[in-house]
Amino acid sequence: MQRRDFVASALASSAGLAVAQQALAAPMSARRWDLIIVGAGTAGLPAAIFASRRGAHVLLIDSADKIGGNLHLANGQIAAAGSRTQVAKGIVDSPDRHYDDIMRITRGLANPEIVRLTVDHAPVTINWLLDNGLKPLPEHPVTGDSPGRPAYSVARYIWARNEGRDILAVVERELAPELASGRVQTQINSRVVSLLQNQSGAVTGVRARTPAGEREFHGRHTLLTTGGYAMNPEAFLRHCGYPAYAAGAYPTNLGEGLDLATAIGAQLRGRELHRAGTGSILTAPAFPAKVYKRFITVPQDRLPWEIWVDAKGRRFFREDDPGTWRREQALLKLPDLRYAIVFDQVIFDESPVGVPGFSRAQLREHFNSHPMFAQADSLDELATKLRVDAAGLAATVRDYNAGVDAWQDREFGREYMPRRIEKAPFYGVIHLGHSATSSTGLVVDRQLRVLGADRMPIANLYAAGEVLGSGVTLGNAFTPGMMLTPALTLGHWLGATLPLGKGAA
């Protein structure tokens, strides 16, 4: 096969792109790059594209066997004020309004500088995707309104039919000519093990474990876009203080970017902004479980007949509270993010089925076959199966039943209490709080320079994407589009603005 034909064939897929570039490249460890990007995903790929378009030589290093990262799994939800999609429908919007909405939805917990940088530059990035083939669903944009959650004040939230994969398809097409030019080269299946520094502490490159052995790569700037830590249970517990129950993120989200940067003095933030939703029924009680089902916990969708109890067997929240974020905050007060939804035979027979898509017969079968469902002939036996305190559960049910009789919930003010819990058998469904995002991340300044212990920039080291921590743009709330949008936008912005010089030597 001719060299030219090999390149054309290899450019047919993202894996092929990487193979082709590595085949054509001169020994990459012998070069000095304008920009070394650790992480070829949502933030790293736009950074590479736009730096290359300015003539820079860029090395993309990734521990996976293909480029794309979280875009292979992401829901693909993005938002910008002034998108082509808004303009086509006559929707008037502005970055200022987008900023105000985010700070309102996050209750001021998002980082103002990072949010401001994102909303100011998001329109250019989102329109780049739209102009190059991203097709939102016909009814978009939308506000992101859902029961119990605050939404945008204007429709600006979009995603495509194939979710993150449609964004990745656009990005790969845009990356292809930069790879073909040789200005961007990839080093896949390679794990960066340390950052290189000179005597003054400036970052000068990376050391990586590659298929050819350990190698050093030297460059003017290094950008960390390695994602979060949700697939590393040890890092998850260390960075947020809660167990990692569900393996729902991209396999390479192991927290390595945080380790690389903190090893040379970088600081972290966002631990207090961990968000676990209101929990799910998982396939198993420990990592690497998957999300199986969710009991309906939104009263706007189904009023609660059951009670929710913690490890002490006590209720911890007003089950019919309409505010989703308040339910989420109540769950975060439980040290293991674990609770049980408890009811009896009368509620089983008379209430609407609490698991979407289940018939009553299917629900009954799960109490015989699924580890997160428990059935017992007494409350004591149920407590044992649920691993909650038996005395606490008995007291809770007694107090709740008294409230039903009196039509008054003295503890939490619950209003909907249709039945006592008293007829055996008794039932419990375990919910576990989980997250595919990582709230803790690197501290950066407005130029996305990574900051050290003295709050001064570590020279030549930048970061973008989830390695900054989801908390900087989500707070601890669900904020529409504010995971992918910042990663794509800030990667794009860095690639377009970093002082990269005239190309590699």
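Everything discussed here concerns the structure shown above.
Throughout what follows, the structure given in this document is the object of discussion. (Residues numbered from 1 in each chain as written. Predicted model: local features only at pLDDT ≥ 70, side-chain atom pairs only at ≥ 80, totals over all residues. Heavy atoms only, no water.)

Strand order in the open sheet formed by four strands is S12-S13-S15-S14, with antiparallel pairing between adjacent strands. The open sheet has two free edges, formed respectively by strand S12 (307–309) and strand S14 (373–376), since each of these has just one partner strand. Each strand of the sheet is rotated relative to its neighbour by a mean of 25°, with strand direction disregarded. Relative to strand S15 (residues 426–432), strand S13 (residues 338–344) runs antiparallel, the two sharing seven bridges. Along S15, the bridge assignment pairs Ile-341 with Val-429. Against the sheet, helix H13 (residues 379–386) engages S13, S14 and S15, with an angle of about 155° to S14. (Pairing = 2+ DSSP bridges. Helix = DSSP H or I, 4+ residues; strand = E, 2+ residues; numbered from the N terminus. Axes fitted to C-alpha atoms, helices over the stretch in contact; angles between N-to-C directions. Contact = heavy atoms within 4.5 Å.)

So, about the environment of Tyr-339. For Tyr-339, the location among the structural elements is in strand S13. Among the residues examined, Tyr-339 registers a relative accessible area of 2% and is labelled buried. It is 8.4 Å that separates the C-alpha atoms of Tyr-339 and Val-429, two residues lying 90 residues apart in sequence. Setting aside chain neighbours within four positions, we find Tyr-339 in contact with Thr-278, Thr-297, Trp-308, Val-309, Phe-316, Leu-331, Leu-334, Val-429, Ile-430 and His-431. (Buried < 20%, exposed > 50% of the residue type's maximum accessible area, 1.4 Å probe, protein only.)

Attention shifts here to the pattern of salt bridges. For the structure on display, the rule yields 30 salt bridges. Residue Arg-53 is joined to Glu-174 by a salt bridge in which the shortest nitrogen-to-oxygen separation is 2.5 Å. Of this pair, Arg-53 sits in the loop between helix H3 (44–52) and strand S2 (58–61) while Glu-174 sits in helix H7 (residues 164–181), placing them 121 residues apart in sequence. The network of salt bridges with shared partners includes Arg-53, Glu-174, Glu-178 and Arg-183. (Salt bridge = Lys/Arg side-chain N within 4 Å of Asp/Glu carboxyl O.)

This part is about the pairing of strand S18 (residues 457–463). Of the strand pairs in this sheet, strand S8 (residues 213–224) and S18 are connected by three bridges, and their pairing is parallel. Paired with Thr-222 across the bridge in S18 is Leu-461. As paired strands, strand S17 (residues 449–451) and S18 are joined by two bridges and run antiparallel to one another. Paired with Leu-451 across the bridge in S18 is Pro-457.

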